[in-house]
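One-letter residues, chain by chain:
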Amino acid sequence: ATAYYSDTNGVPKDGDGRVTHLGLRAGELAPRVVSVGSLSRAQRLRDLMDSVSLSLTSPRGFTTYTGTVAGVAVSVVATGMGAPMMDFCVREARQIVDGPMVFVRLGSCGGLSPEATPGTVVLNTPGSVYVSRNPDAFAGGEGGSTPAYTIARPVAPDPRLCAHVCVALRAALGDRVVEGLNASADSFYAAQGRCDEHFDDRNSTVVPEVLAKHPDACSMEMESFALLHLAACSLGTIRACTAAIVAANRHSAAVITTELLHETERVGGRAVLNAVASFGLYL
Ligand code: DUR
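Described in the following lines is the structure provided in the data block. Since the structure is predicted, the reported quantities are computational estimates derived from the model, not experimental observations. (Residues numbered from 1 in each chain as written. Predicted model: local features only at pLDDT ≥ 70, side-chain atom pairs only at ≥ 80, totals over all residues. Heavy atoms only, no water.)

### Some thoughts on the environment of serine 128
Take serine 128: it is sitting in strand β7 (residues 128-133). When the C-alpha atoms of serine 128 and glutamate 223 are compared, they prove to be 9.7 Å apart, with 95 residues separating the residues in sequence. With near-sequence residues (within four places) excluded, serine 128 lies in contact with Arg153, Pro154, Val155, Leu181, Asn182, Ala183, Ser184, Phe225 and Leu228. At a separation of 3.0 Å, a polar atom in the side chain of serine 128 contacts the side chain of asparagine 182. (Helix = DSSP H or I, 4+ residues; strand = E, 2+ residues; numbered from the N terminus. Contact = heavy atoms within 4.5 Å. Polar contact = N/O pair within 3.5 Å; in protein donor to acceptor, adjacent residues only side chain to side chain.)

Here it is, written out as structure tokens:
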């Protein structure tokens, strides 16, 4: 019998040296990574690469395309949704690549500020906060007096990488680029202030509280904080920054069209791929 994986108290790998959730082994992932949430966005970015040498979908729902952009090795990874998926992506990627790494996320988000309209791209130059639900507040007893949601302080991107990506995005999208703080949330629903009569959520003030504390908050999604936080804790080995296409504005309720989404993915995606490929790796 073969062990399902080894090193359960570290970063588990199977008998072929593949990390358990990404499904990749050394040599299959480039040190320059563009992470996206959706598979179709990953495919659109793949189609912009010069060549693709590896396409792999893991049993846990991660799809990776590794190839070249302007002669430089780049990987595009579709992570799916949420901070735990980003955590798998960054930690398992770090395990199978030697030396300095660069991660840029091109996700999707809700627009919190009026200028973050559908089809703009919010680049998180000031970084991201994290909004999480506090289950103790809902349980009664001692926890009942604690706040139902907490907002963790901003974590910044790598400033040089972010400036480099900013130049590329602005050249491609002009004034459709908005720079501002992101708020990642631990769910799409409650912690993003979406109301659902079927649950006791106590979340009607979550978005106003984020904006009161951080008037520069422009975007809300689920993954960027996890990436920035892990990069900040990577002992200097990972540089990261995050951007997201505004899918809908939370004030006006305006929603992007499919055509505009795909165009923004292509134009923004090309800019991010070129920026990642042309950014020097250093410790
Ligand atoms: N997303 C949000 N909130 C939005 C729009 C987009 O979390 O309002 C991102 C994050 C998540 C996915 O991966 O898109 C949910 O639709």
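### A closer look at the pattern of salt bridges
Side-chain pairing between opposite charges can occur once the charged atoms of the two side chains come close. All chains considered together, the criterion is met by 13 salt bridges. The partner of aspartate 200 in a salt bridge is arginine 202, with the nearest N and O atoms 2.9 Å apart. Aspartate 200 gets classed as partly exposed once you look at its relative accessible area, which sits at 44%. Here the salt bridges do not stand alone but share partners, grouping Arg18, Arg25 and Glu28 into one network. (Salt bridge = Lys/Arg side-chain N within 4 Å of Asp/Glu carboxyl O. Buried < 20%, exposed > 50% of the residue type's maximum accessible area, 1.4 Å probe, protein only.)

### Some details on the packing of aromatic side chains
For any pair of aromatic rings, geometry is given as the distance between the ring centres together with the angle between the planes. As enumerated under the stated definition, the model contains 6 aromatic pairs in all. Here the aromatic rings of tyrosine 4 and tyrosine 5 are separated by 5.6 Å at their centres, their planes lie at 40 degrees, and the arrangement is tilted. Taken together, a centroid distance of 6.4 Å and an interplanar angle of 80 degrees make the contact between phenylalanine 138 and tyrosine 149 edge-to-face. One end of the pair, phenylalanine 138, is in the loop between β7 and β8 (149-155); the other, tyrosine 149, is in strand β8, and 11 residues separate them in sequence. Of the residues examined, tyrosine 149 reaches a relative accessible area of 9% and is grouped as buried. Positioned above the aromatic ring of tyrosine 65 is the side chain of arginine 46, whose terminal nitrogen or guanidinium carbon lies 4.9 Å from the ring centre. (Phe/Tyr/Trp six-rings, centres within 6.5 Å; stacked < 30°, edge-to-face > 60°. Lys NZ or Arg CZ within 6 Å of the ring centre and 35° of its normal.)

### Topic: the pairing of strand β3 (residues 63-69)
By the criterion of burial, β3 is predominantly enclosed, with 6 of the 7 residues buried. Where strand β2 (residues 51-57) and β3 come together, 6 bridges link them in antiparallel fashion. Bridge pairing in β3 links valine 52 to glycine 67. Hairpin connection of β2 to β3: 5 residues between the antiparallel strands, including glycine 61 at a positive phi of 95 degrees. Two strands pair when backbone bridges link them, and β3 and strand β4 (residues 72-78) are joined in this way by 7 bridges, in the antiparallel orientation. Paired with tyrosine 65 across the strands is valine 76, a residue of β4. Here β3 folds back onto β4 in antiparallel fashion, the turn holding 2 residues, of which alanine 70 has a positive phi close to 50 degrees. (Pairing = 2+ DSSP bridges.)

That is the geometry; function is a separate question.
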